[in-house]
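Report on the structure
Below are the chains, spelled out letter by letter.
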Amino acid sequence: MKKRIVVLADGCFNPMHSGHIEHFKSSKKLGTHLIVNTNPDSVIWEKRPLVGPLLTVNERKSFIKSLPFVYEVTSM
C-alpha cells in the first residue's frame, strides 16, 4: 500500500492569482494529497474592513476545486 502524505495550503486566496496556483503546485509536490483551506469571508473583512472580499468563499472554493492537483477544499 502506497503511503499517503497530506499537505495543507492555507490562506485567503482573494483575489486568486497565478502566484497562488504556483504555490498550490509546489505544495502538491510535497505529498500525495493537497488540501487547500481558504479563509472565510469574515477573516477578509477583518483584514480589509473597507474593501471586504472580492470573491465570496464559495466562489474561491469553486475555483480552487477546479484545479486538477487539488484533492479537497475547506474553509475554516
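Residues numbered from 1 in each chain as written. Predicted model: local features only at pLDDT ≥ 70, side-chain atom pairs only at ≥ 80, totals over all residues. Heavy atoms only, no water.

**Details of helix H3 (residues 57–65)**
Heads up, the condition is: Only protein chains enter the area calculation, which uses a 1.4 Å probe; residues under 20% of their type maximum are buried, those over 50% are exposed, and those in between are partly exposed. The numbering of helices and of strands both runs from the N terminus, where a helix is a DSSP run of H or I of at least 4 residues and a strand a run of E of at least 2. Directions from the helix axis toward the C-beta atoms define the arc. Whether two residues are in contact is decided by their heavy atoms, any of which lying within 4.5 Å being enough.
The set of residues buried in H3 consists of Val57, Arg60 and Ile64. Each buried residue of H3 sits inside an arc of 65 degrees when the element is viewed along its axis, so together they form one side. Opposite its buried face, H3 presents the exposed residues Asn58 and Lys65, each directed more than 90 degrees away. The inward-facing, buried residues of H3 abut helix H1 (18–28), strand S2 (33–38), helix H2 (41–47) and strand S3 (72–74).

**A closer look at the nonpolar core**
As a rule of thumb, nonpolar side chains are buried together in soluble globular proteins. Under the convention used in this document: The criterion is simple. A nonpolar core is a set of buried Ala, Val, Leu, Ile, Met, Phe, Trp, Tyr and Cys residues joined through side-chain atoms within 4.5 Å.
Ranked by size, the top nonpolar core spans 13 residues in total, and within it Phe24, Leu34, Val36, Ile64, Phe69 and Val70 carry the most contacts. Within the residue set of this core, elements represented by two or more residues are strand S1 (6–11), H1 and S2. With residues up to four places along the chain from it excluded, the contact list for Ile64 reads Phe13, Met16, Phe24, Val36, Thr38, Val70 and Val73.

**Quick look at the environment of Phe69**
Mapped onto the fold, Phe69 is located in the loop between H3 and S3. Non-local contacts of Phe69, meaning those with residues more than four positions away in its chain, are made with Ile21, Phe24, Lys25, Lys28 and Leu34.

**With respect to unusual backbone geometry**
Residue Asn14 is joined to Pro15 through a cis peptide bond whose omega torsion reads 5 degrees. Relative to the helices and strands, Pro15 is located in the loop between S1 and H1. Positive phi is not limited to glycine here, since Phe13 has a value of about 55 degrees.

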